[in-house]
Amino acid sequence: MELVEVGLRDAALLLDLLNTTPVVEGRQRDILADGAQASTWLREHGATEAELAELVEARNVLQAVVRGAESAAALEPHLNEVGLRARATTGGVRWELDIDDARRSAVRAILAWDALRVVSPGRLRACGNPDCRLFLIDRSKPNTARWCSMATCGNRMKARRHHQRARTAKTDEQS
Ligand SMILES: [Zn+2]
């Protein structure tokens, strides 16, 4: 049985978590390793300081899984004793995560990764710019988006290809 409903709500959290290690001025940074930035990130995502360590570890594994460097089985330690509890509401049954608070956001991100894998296979991927460490969820119909953002990486890669073509053409003229 695959449970996607619980995870799909957290696609934005997952993508934001994957994108906490951007390259800035040629160097890879870790937003979650910087005290003040980490606190802001946690607050903006409804998480507490107690969740930071587990979020960082789950993020590192998720990044490797999305890049194809690790199999999803590497997520197993992060899913220990994760349960779902059924709750009766006035309108029906609602499923809630049964997990201690320090691991809640990390588990939500992992379930979001899995839900995307089931519902939108192949649409969560690393940016096509090799110098960029960001990820994207391709929502376009043809599923051909390659860049985390057209404004930054898309234009940069286009300019680079143009430059390479121009250089190749020049070498051809000379030979
Ligand atoms: Zn990018």
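Residues numbered from 1 in each chain as written. Predicted model: local features only at pLDDT ≥ 70, side-chain atom pairs only at ≥ 80, totals over all residues. Heavy atoms only, no water.

As recorded by an unreviewed UniProt entry, the chain carries the name CGNR zinc finger domain-containing protein and is attributed to Mycolicibacterium nivoides.

**Q** Any chance you could break down the coordination of the zinc ion for me, citing the residues and the numbers?
**A** Bound to the zinc ion are the protein donor atoms Cys-127 (SG), Cys-132 (SG), Cys-148 (SG) and Cys-153 (SG), situated 2.3 to 2.4 Å from the metal. With 4 donor atoms in place around the zinc ion and angles of 103 to 118° between them, the coordination shape is tetrahedral. (Donors = N, O, S within 2.8 Å, 3.2 Å for Na, K, Ca; no water. Tetrahedral: all angles 85-135°; square planar, octahedral: opposite > 155°, others 65-115°.)

**Q** Please provide a residue-by-residue account of the pattern of salt bridges, values included.
**A** Tallied over the full model, the rule gives 10 salt bridges. Across the pair Asp-30 and Arg-59 runs a salt bridge whose closest N-O atoms are separated by 2.7 Å. Of this pair, Asp-30 sits in the loop between strand E2 (27-28) and helix H3 (35-44) while Arg-59 sits in helix H4 (residues 52-66), placing them 29 residues apart in sequence. The class for Asp-30 is partly exposed, based on a relative accessible area of 26%. The salt bridge partner of Asp-98 is Arg-85, with a shortest N-O separation of 3.1 Å. You can see Asp-98 sitting in strand E4 (residues 93-98) and its partner Arg-85 sitting in strand E3 (residues 83-88), a full 13 residues away along the chain. Look at Asp-98 and you get partly exposed, because its relative accessible area is 36%. One connected set of salt bridges, linked through shared partners, spans Arg-87, Arg-94 and Glu-96. (Salt bridge = Lys/Arg side-chain N within 4 Å of Asp/Glu carboxyl O. Helix = DSSP H or I, 4+ residues; strand = E, 2+ residues; numbered from the N terminus. Buried < 20%, exposed > 50% of the residue type's maximum accessible area, 1.4 Å probe, protein only.)

**Q** Describe the pairing of E4, and please don't skip the residues or the numbers.
**A** Across 6 bridges, E3 lies against E4 in antiparallel orientation. Its bridge partner lying in E4, Gly-83 is registered against Asp-98. Connecting the antiparallel pair E3 and E4 is a turn made up of 4 residues. (Pairing = 2+ DSSP bridges.)

**Q** Got a sec to walk through the side chain of His-45? Specific residues and values, please.
**A** With respect to the helices and strands, His-45 occurs in the loop between H3 and H4. A polar contact is formed between the side chain of His-45 and the side chain of Asp-16, at a distance of 2.8 Å. A polar contact of 2.7 Å, which involves the side chain of His-45, links it to the backbone oxygen of Trp-41. (Polar contact = N/O pair within 3.5 Å; in protein donor to acceptor, adjacent residues only side chain to side chain.)

**Q** Explain the confidence of the model for the chain to me, using residue names and the numbers behind them.
**A** The share of residues in the chain with pLDDT of 70 or more is 96%, and the mean pLDDT across the chain is 91. Looking over the chain, one finds the lowest element-wise mean pLDDT in helix H6 (residues 150-174), namely 79, and the highest in H4, namely 98. (pLDDT = per-residue confidence, 0-100.)

**Q** Which residues make up the nonpolar core, and what values go with them?
**A** Formed by 29 residues in total, the largest nonpolar core has its most connected members in Leu-14, Trp-41, Leu-62, Trp-113 and Leu-124. Elements represented by at least two residues in this core include exactly helix H2 (11-18), H3, H4, helix H5 (104-119) and strand E6 (135-137). Among the elements that line this core, the one with the most residues is H4, at 7 residues. Discounting chain neighbours no more than four positions away, the residues touching Trp-41 are Leu-13, Asp-16, Leu-17, Thr-20, Ile-31, Leu-32 and Leu-55. Ranked by size, the runner-up nonpolar core spans 7 residues in total, among them Cys-127, Cys-132, Leu-136 and Met-157. (Core = buried A, V, L, I, M, F, W, Y, C linked by side-chain atoms within 4.5 Å. Contact = heavy atoms within 4.5 Å.)

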